[in-house]
Amino acid sequence: MIWKPCKLQAQKEQTIDALGNPTGGEWSTLMETYARRSPWNDAHTDADDREVTHNEQHFVLPVSFSRFPATATHAEIDGVRQKILEVIDLAPRYVAIRVEVYKK
């Protein structure tokens, strides 16, 4: 498997519009690391009785759970910003993230 550069990011200085949605702001990089795509297996597809959709992926990062920035909301991998849905502790050296990606 190939390790790809990964930026863990969050948006700063957002404002709230009339409908209560966050708008604007600038992206800031909280940590730069590497990520490797991790395939789904039966244990993940059956977990919590949820269906796995085509717009979710798993990535493994060589970062301990304690070093993972808690405020990170997105991961930029291969130039594509993806929303982090879940952070999974793979102690002692790794973290897995489940991300939502919109493919064109």
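The structure under discussion appears in the preceding block.
Quick caveat, the model's predicted, so the values are computed rather than measured. (Residues numbered from 1 in each chain as written. Predicted model: local features only at pLDDT ≥ 70, side-chain atom pairs only at ≥ 80, totals over all residues. Heavy atoms only, no water.)

Caption draft 1: Main features of the pairing of strand β8 (residues 94-100). In terms of burial, β8 is a largely internal element, 6 of the 7 residues being buried. Looking at chain direction, strand β5 (residues 56-61) and β8 are connected through 6 bridges and run antiparallel. Bridge pairing in β8 places His58 opposite Arg98. Where strand β7 (residues 80-90) and β8 come together, 7 bridges link them in antiparallel fashion. (Buried < 20%, exposed > 50% of the residue type's maximum accessible area, 1.4 Å probe, protein only. Helix = DSSP H or I, 4+ residues; strand = E, 2+ residues; numbered from the N terminus. Pairing = 2+ DSSP bridges.)

Caption draft 2: Examining a nonpolar patch on the surface more closely. On the surface, Trp3, Tyr34, Leu90 and Tyr94 cluster together into a nonpolar patch covering about 380 Å² of accessible area. Mapped onto the elements, Leu90 comes out in strand β7. (Patch = residues over 30% accessible without salt bridge, like charges linked within 9 Å, V, L, I, M, F, W, Y side chains within 5 Å. Areas by Shrake-Rupley, 256 points an atom, 1.4 Å probe, with all protein chains shown as cover. Salt bridge = Lys/Arg side-chain N within 4 Å of Asp/Glu carboxyl O.)

Caption draft 3: The arrangement of the side chain of Ser28 in detail. Relative to the elements of secondary structure, Ser28 occurs in strand β4 (residues 26-38). In this structure, Ser28 is in contact with Leu8, Gln9, Ala10 and Lys12, ignoring residues within four places of it in sequence. (Contact = heavy atoms within 4.5 Å.)

Caption draft 4: The arrangement of the packing of aromatic side chains in detail. This structure, assessed with the given rule, holds 0 aromatic pairs. A cation over a ring is seen here: Arg81 above Trp27, with NZ or CZ 4.1 Å from the ring centre. (Phe/Tyr/Trp six-rings, centres within 6.5 Å; stacked < 30°, edge-to-face > 60°. Lys NZ or Arg CZ within 6 Å of the ring centre and 35° of its normal.)

Caption draft 5: Broad picture of the side chain of Glu100. Turning to its location among the elements, Glu100 is positioned in strand β8. Despite its burial, Glu100 pairs with no opposite charge; the closest candidate is Lys83, at 5.0 Å N-O. In this structure, Glu100 is in contact with Asn55, Gln82, Lys83 and Leu85, ignoring residues within four places of it in sequence. (Lys, Arg positive; Asp, Glu negative; His and termini not counted.)

Caption draft 6: Spotlight on the environment of Leu85. Tracing the sequence through the fold places Leu85 in strand β7. Leu85 gets classed as partly exposed once you look at its relative accessible area, which sits at 33%. Residues Leu85 and His74, spaced 11 residues apart in sequence, show a C-alpha to C-alpha distance of 8.7 Å.

As far as function goes, none of this settles anything; it's purely spatial.
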